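What the coordinates show
Spelled out from the first residue to the last, the chains are:
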Amino acid sequence: AYFVSDPLKNLRGFDTTPQTQRRAITTDEVRRLLAVCPTYRRLLWETALLSGLGANELRHLSIDHLDVERGGLYLDASWTKNRRDDFLPLPRSLVHRLHIFATTGEVTQKYQQVYASKEVPRRVPTHPLLYVPRDPARELDKGLKAAAIPKYTREGKVDFHALRLAY
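A brief structural summary.

Reading the values: rules and limits
- Residues numbered from 1 in each chain as written.
- Predicted model: local features only at pLDDT ≥ 70, side-chain atom pairs only at ≥ 80, totals over all residues.
- Heavy atoms only, no water.
- Phe/Tyr/Trp six-rings, centres within 6.5 Å; stacked < 30°, edge-to-face > 60°.
- Helix = DSSP H or I, 4+ residues; strand = E, 2+ residues; numbered from the N terminus.
- Lys NZ or Arg CZ within 6 Å of the ring centre and 35° of its normal.
- Axes fitted to C-alpha atoms, helices over the stretch in contact; angles between N-to-C directions.
- Parallel < 35°, antiparallel > 145°, perpendicular 65-115°, else oblique.
- Left-handed = near helix turned anticlockwise from the far one by under 90°.
- Contact = heavy atoms within 4.5 Å.
- Nonpolar A, V, L, I, M, F, W, Y, C, P; charged D, E, K, R; others polar.
- Core = buried A, V, L, I, M, F, W, Y, C linked by side-chain atoms within 4.5 Å.
- Buried < 20%, exposed > 50% of the residue type's maximum accessible area, 1.4 Å probe, protein only.
- Pairing = 2+ DSSP bridges.

Here's the deal with the packing of aromatic side chains
Scanning all chains against the criterion turns up four aromatic pairs. Ring centres of Y111 and Y131 lie 4.8 Å apart, and the angle between their planes is 65 degrees; this geometry places the pair in the edge-to-face category. Taken as a pair, Y111 in helix α5 (residues 106-114) and Y131 in the loop between α5 and α6 (136-146) lie far apart in primary sequence, 20 residues in all. Its guanidinium or amino end placed over the ring of Y131, K110 lies 5.7 Å from that ring's centre, counting from NZ or CZ.

Shown next, in the form of structure tokens:
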């Protein structure tokens, strides 16, 4: 059966206007957030803020991606948003703390603790650099609340993606 007329001819494009505006987290808010976080979460938020990487990209990072000598991260085209291999410099103090944290086995222990009764997701690297929760936005919300940082203001909302905006 054929259509007599095109049923899609009056179809308009989707409205892609953002429903809410994001805002960059301020320096003072960053300090307050990091002050109330456990080490594993503090390292995640710092790496997100100083790299601009998204949750999935952060989840793919392993100890092998960290270059202590050069002071940064090697990014793999297979999981980066821009699909390019790259090197991302980070502050030496953060690189040093990431190296210590990852080599102590705390990251692996955190994944094992969280997924004790469930299968660990396939996306977790063999030697993870960071613990990235299944829902980092929910974890950030808890940190914002603990640090008395409003999620919504006139300037917009702070969510996990807003950490990229701050970068």
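Examining the packing of helix α2 (residues 39-51) against helix α4 (residues 92-103)
Where α2 meets α4, the closest approach of the two axes is 11 Å, and the angle between their N-to-C directions is 140 degrees. It follows that α2 is oblique to α4 by the angle criterion. Taken as a pair, α2 and α4 cross one another with a handedness that is left-handed. Along the contact surface, α2 presents T39, Y40, R42, L43, E46, T47 and L50, while α4 presents L94, R97, L98 and F101. Tallied by class, residues from the contact of α2 with α4 come to six nonpolar, two polar and three charged.

So, the nonpolar core
Membership of the largest hydrophobic core comes to 40 residues, with the highest contact counts inside it found for W45, L58, L61 and L130. Listing elements by their share of this core, those giving two or more residues are α1 (27-35), α2, α3 (55-60), β2 (72-75), α4, α5, α6 and α7 (160-166). In terms of residue count, the dominant contributor to this core is α2 (six residues). Beyond its immediate sequence surroundings of up to four residues, L130 is in contact with L43, L44, T47, L58, L61, L98, V107 and Y111.

Some remarks on the sheet that holds strand β3 (residues 86-89)
Reading across the sheet, the three strands line up as β1-β2-β3 and stay open at both edges, with antiparallel pairing between neighbours. What marks the edges here is a single partner per strand, and that holds for β1 (66-67) and β3. As paired strands, β2 and β3 are joined by four bridges and run antiparallel to one another. Its bridge partner lying in β3, L73 is registered against L88.

What about the environment of F160?
Tracing the chain through its elements places F160 in helix α7. Along the chain, F160 and G143 lie 17 residues apart, while their C-alpha atoms are 11 Å from each other. With near-sequence residues (within four places) excluded, F160 lies in contact with W45, A48, G54, A55, L58, P136, A137 and L140.

In short, geometric facts, not functional conclusions.
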